[in-house]
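Summary of the model geometry
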Amino acid sequence: MKKVRLLSALSILLALTVFSSSVTAGAATVLPANGPKYTFSIATSAAEGAILDISMKYLAKIIQERSNGRITMNVFPAAQLGSDRELLEGCQMGSVTMVIGATAPQVSFVPALAIFDLPNAFKDMKTAVSVLSGFKPTMEPHYAKAQLKLMTLFPTVFRHMSSSKPVRTIEDFKGLKIRTMENKYHLAYWEALGVKPTPLAWTEVYIALQQKLVDAQENPMDVIFNSKIYEQQKYIINSKHHVFVATVVMNLNTWNGLPADYKKFLEECFADATEYTTSQVIVTKDAEFKNKLIAAGLEYIELSDATLAKMRELAQPVYDRIRADLGAAIVDPFLAEIAKAK
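Cut-offs used in this document
Residues numbered from 1 in each chain as written. Predicted model: local features only at pLDDT ≥ 70, side-chain atom pairs only at ≥ 80, totals over all residues. Heavy atoms only, no water. Phe/Tyr/Trp six-rings, centres within 6.5 Å; stacked < 30°, edge-to-face > 60°. Buried < 20%, exposed > 50% of the residue type's maximum accessible area, 1.4 Å probe, protein only. Lys NZ or Arg CZ within 6 Å of the ring centre and 35° of its normal. Axes fitted to C-alpha atoms, helices over the stretch in contact; angles between N-to-C directions. Helix = DSSP H or I, 4+ residues; strand = E, 2+ residues; numbered from the N terminus. Parallel < 35°, antiparallel > 145°, perpendicular 65-115°, else oblique. Left-handed = near helix turned anticlockwise from the far one by under 90°. Contact = heavy atoms within 4.5 Å. Nonpolar A, V, L, I, M, F, W, Y, C, P; charged D, E, K, R; others polar. Polar contact = N/O pair within 3.5 Å; in protein donor to acceptor, adjacent residues only side chain to side chain. Pairing = 2+ DSSP bridges. Right-handed = clockwise from strand over helix to strand, strands pointing away. Arc of directions from axis to C-beta. pLDDT = per-residue confidence, 0-100. Salt bridge = Lys/Arg side-chain N within 4 Å of Asp/Glu carboxyl O.

Scanning the entire structure with this criterion turns up 10 aromatic pairs. Here F225 and Y230 contribute two aromatic rings whose centre-to-centre distance is 5.2 Å and whose plane-to-plane angle is 20 degrees, an arrangement assigned as stacked. On the basis of relative accessible area, Y230 is assigned to the buried category, the value being 17%. Three or more aromatic residues link up through ring pairs in this structure, and these residues are F116, F122, F135 and F334. A cation over a ring is seen here: K240 above F158, with NZ or CZ 5.8 Å from the ring centre. The ring of Y300 carries K290 above its face, with NZ or CZ at 4.1 Å from the centroid.

This is the structure we're talking about:
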C-alpha cells in the first residue's frame, strides 16, 4: 500500500511539474523589467470549467507569469461582463481588452465569419485542426474593419444537439423546437432540416428548456454539462453539425498602442495557448464531457453516416447563400482545403 501511495504521489508531482513548466517556460521574448505596465481584462460567456474557460485561464496565466510583472490579467468567465454580443461591443469600445468566444455570434460584426457556418462541413476534428491552423491571416483584415485585432483562431469541438425528444433519423428533426444563436445561417440550416429554430440569449436557455418553450438546444458537450443543461434534457445527439471555432480578439486601439516587443510577446503567448488547447485540452475533454453527460442520465444517440450525409444535402441552400454573400473566392478554396485534408 505504501508503494502504491508513493507512486501515486510521484505521479501527481510529475504532472504538476510538467504543467508548471509549460506555463512558465514558453515565450522567447522577454519584456524589459522597466517597461510600461498594463492591466488587461479577458472575458468569455462560457461557463467555468468549459474548454474556452480552460483555454482563457491558461492564456491569462502564461501572459501574467511570463511578463515579469509588466502585464496583469483580470479574468471574467461565465458571462460576468455580458453576453457574446455585449462582450464584442465592449471589446470594440475598449471596456474589455480581450474576448474569447465562438465565431457564430460574431458574424454580425465580421460577416466573413459566415464561412464557419457551413453546416456538416468537417467529418472529424483532425481535419478541422489541419484546415483552420493556417486560416488566421485570411480573417485578420476582416476583424480589423470591426476595430478588433484577431489574436488567434482555432477549432475546439463539434456542436451537438441535446433534446427532450429522441432524434435518430432525418424525420425526427421535423417540428422540433430548438434554441439557436442569433445567426441567420444557423436559423436557415435548422429550417432546412424542418426544425423550428428560436434564437435566445444563452442566459435564457435553461429557463426556456425548463418551461418547455423549446425542446432542444445545440452546443459543445462541455458547455451542455457545465451549464447543467442536462438537467432539462433526455438525449444528446451526435449531430456534429458545426465545428465550434473559437477566437480570441483584442481591442484594436490597445493593440496598436503597444510597443513592438509587447506585441511579439503576446503573439508568442497566444500561439502557445492555441497549441495547448488543440493538442491537449480538446483531445481529452470532449470524451470526458460525453461520459459525464451519459453518467448524468442522458442517452447518447449516434447518428448514422447516411443521416449526416442527408443533413448536409438538405443544407445545400445554406451553402449557396453563404457563397452568394461572401463570394466564391473565399468559400470555394475553403471547401477545397477541407476536401484535400480528408
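There is more to say after this.
Okay, the packing of helix α4 (residues 125-132) against helix α13 (residues 328-341) next. At their nearest, the axes of α4 and α13 sit 9 Å apart, and the two run at 130 degrees to each other. Taken together, the axes of α4 and α13 are oblique relative to one another. Every pair of crossing elements has a handedness; the one defined by α4 and α13 is right-handed. In contact with T127, S130, V131 and L132 of α4, α13 contributes F334, E337, I338 and A341. Among the residues making up the contact of α4 with α13, the classes are represented as 5 nonpolar, 2 polar and 1 charged.

Take N238: it is sitting in strand β8 (residues 235-251). On the basis of relative accessibility, which here comes to 6%, the residue N238 falls in the buried class. At 3.1 Å, the side chain of N238 and the side chain of H160 are in polar contact. A distance of 2.4 Å separates a polar atom in the side chain of N238 from a polar atom in the side chain of E302. Setting aside residues no more than four positions away along its own chain, N238 makes contact with H160, Y300, I301, E302, L303 and L308.

Next up on the list: the pairing of β8. For β8, the buried fraction is high: 16 of the 17 residues fall into the buried class. In the sheet, strand β4 (residues 148-163) pairs with β8 via 12 bridges, with the strands oriented antiparallel. Across the sheet, K149 pairs through a bridge with M250, a residue of β8.

As a further point, take the pairing of strand β6 (residues 196-199). If a strand is regular, its side chains alternate between the two faces of the sheet. Bridge count for strand β5 (residues 177-180) against β6 is 4 bridges, and the pairing is parallel. Its bridge partner being in β6, K177 is matched across the sheet by K196. Viewed along the sheet, the connection from β5 through helix α6 (residues 184-192) into β6 turns out right-handed.

This part is about helix α3 (residues 84-93). Residues of α3 that are buried: L87, L88, G90 and C91. End-on, the buried residues of α3 take up no more than an arc of 160 degrees, which puts them together on one face. Two residues or fewer after α3 comes G94, characterised by a positive phi angle close to 95 degrees.

As a packed pair, helix α2 (residues 51-66) and helix α10 (residues 260-295) sit with axes 9 Å apart at the nearest point and diverge in direction by 145 degrees. Two packed elements cross with a definite hand, and for α2 against α10 that hand is right-handed. Taking contact as the criterion, the partners of I51, I54, S55, Y58, L59, I62, I63 and R66 in α2 are, on α10, F265, L266, C269, F270, D272, A273, Y276, T277, V281, I282 and K285. For the contact of α2 with α10, a count of residues per class yields 14 nonpolar, 2 polar and 3 charged.

A residue-level look at the protein chain finds 92% of positions with pLDDT of 70 or above and a mean pLDDT of 91. Contacts of residues 1-25 to residues separated by more than four positions or lying in other chains number 14 contacts, the stretch itself having pLDDT below 50.

Next up on the list: the pattern of salt bridges. Overall, the coordinates contain 16 salt bridges when judged by the stated rule. Measuring nitrogen to oxygen at the nearest pair gives 2.8 Å for the salt bridge that ties K61 to E65. Residue K61 and its partner E65 are both found in helix α2; the two are separated by 4 residues, about one turn of the helix. Residue class for E65 comes out partly exposed when judged on its relative accessible area of 40%. A network of salt bridges, in which partner residues are shared, links E48, D53 and K57.

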